[in-house]
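# Fold and geometry: a report
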Amino acid sequence: QVQLVESGGGLVQAGGSHRLSCAASGRTFSSYCMGWFRQAPGKEREFVAAISWGGGSTYYGDSVKGRFTISRDNAKNTVYLQMNSLKPEDTAVYYCAAGRLLTMSKHTYDYWGQGTQVTVSS
């Protein structure tokens, strides 16, 4: 069982940077791949980024590639999402998720946080 708690959401100006954190409970965090997803009102939950259990492999969604960076600190049971060059279309609730496979599919992740709102103003 893994419990995930996101933090760091807020209001950011377009072009700015912001970092989200996701703290995990449990001693097995380092055995899970971690992902970030987001959901805007009226839209499907969208893949943002994922990282392997050791941090050596990462995937990014096309809409954030080159602007967002996912990283993890297994000693702190925490995964991060650094967001740069933010755009109004990045506005969404951001969720972190844990799963056994490194994929871009939300269906393969077993545990989810409650989400944190990021709003990018133009």
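The following paragraphs examine the structure supplied in this document. Note that the coordinates shown come from a computational prediction; the quantities given were computed from them, not determined experimentally.

## Describing the nonpolar core
Formed by 29 residues in total, the largest nonpolar core has its most connected members in Leu-4, Met-34, Trp-36, Leu-81 and Tyr-94. Sorting the residues of this core by element identifies β3 (18-24), β4 (33-39), β5 (46-51), β7 (68-73), β8 (78-83), β9 (92-99) and β11 (116-121) as the ones contributing at least two each. Counting 5 residues, the second-largest nonpolar core is a separate cluster that includes Phe-37, Ala-50, Ala-97 and Tyr-109.

## Overview of the side chain of Ser-52
If you trace the backbone, Ser-52 turns up in the loop between β5 and β6 (58-60). On the basis of relative accessibility, which here comes to 10%, the residue Ser-52 falls in the buried class. In terms of polar contacts, Ser-52 uses its side chain to reach the backbone amide nitrogen of Gly-56, at 3.2 Å. Dropping the residues within four chain positions of it, Ser-52 is found in contact with Cys-33, Ser-57, Arg-72 and Leu-102.

## Thoughts on the layout of surface pockets
Roughly 160 Å³ of internal volume is contained in the largest pocket. Residue lining of the largest pocket: 13 residues in total, with Arg-38, Lys-43, Glu-46, Glu-89 and Asp-90 positioned closest to the centre. Grouping the constituent residues of the lining of the largest pocket by class yields 2 nonpolar, 3 polar and 8 charged.

## As for the environment of Ser-71
Along the polypeptide, Ser-71 turns up in strand β7. Note on Ser-71: relative accessible area 32%, which makes it partly exposed.

## Observations regarding the pairing of β3
Two elements, strand β1 (residues 4-7) and β3, share 4 bridges in a ladder whose sense is antiparallel. Bridging from a neighbouring strand, Ser-7 pairs with Ser-21 of β3. Bridging between β3 and β8 involves 6 bridges; their strand directions are antiparallel. Looking at the pairing, Leu-20 lines up with Leu-81 of β8.

## Structural notes on unusual backbone geometry
Despite not being glycine, Asn-77 shows a phi value in the positive range, around 50°. Mapping Asn-77 onto the fold places it in the loop between β7 and β8. Phi at Ser-85 is positive, roughly 50°, even though this residue is not glycine. Its place among the elements puts Ser-85 in the loop between β8 and β9.

## What to know about the state of the cysteines
Taken as a whole and assessed by the stated rule, the structure comprises 1 disulfide. Note that Cys-22 is cross-linked by a disulfide to Cys-96, the S-S spacing being 1.9 Å. Here the disulfide of Cys-22 and Cys-96 is right-handed, its torsion about the S-S bond being about 40°. Of this pair, Cys-22 sits in strand β3 while Cys-96 sits in strand β9, and the two are 74 residues apart along the sequence. In this structure Cys-33 is a free cysteine whose sulfur lies 14 Å from that of Cys-96, the closest cysteine sulfur available.

## Things to note about the pattern of salt bridges
Per the counting criterion, the structure on display carries 4 salt bridges. Across the pair Glu-46 and Arg-38 runs a salt bridge, and its minimum N-O distance is 2.8 Å. Note that Arg-67 and Asp-90 form a salt bridge whose closest N and O atoms lie 2.8 Å from each other. Here Arg-67 is found in the loop between β6 and β7, whereas its partner Asp-90 is found in the loop between β8 and β9, with 23 residues between them in sequence. Accessibility assignment for this pair places Arg-67 and Asp-90 in one class, buried.

Parameters and conventions
Residues numbered from 1 in each chain as written. Predicted model: local features only at pLDDT ≥ 70, side-chain atom pairs only at ≥ 80, totals over all residues. Heavy atoms only, no water. Core = buried A, V, L, I, M, F, W, Y, C linked by side-chain atoms within 4.5 Å. Buried < 20%, exposed > 50% of the residue type's maximum accessible area, 1.4 Å probe, protein only. Helix = DSSP H or I, 4+ residues; strand = E, 2+ residues; numbered from the N terminus. Polar contact = N/O pair within 3.5 Å; in protein donor to acceptor, adjacent residues only side chain to side chain. Contact = heavy atoms within 4.5 Å. 1 Å grid on protein atoms, 1.4 Å probe; cavity = no way out; pocket = protein on both sides within 12 Å on 5 of 7 lines; lining within 4 Å. Points joined across faces, edges and corners; volume = space filled by probe spheres on them. Nonpolar A, V, L, I, M, F, W, Y, C, P; charged D, E, K, R; others polar. Pairing = 2+ DSSP bridges. Disulfide = S-S within 2.5 Å. Salt bridge = Lys/Arg side-chain N within 4 Å of Asp/Glu carboxyl O.

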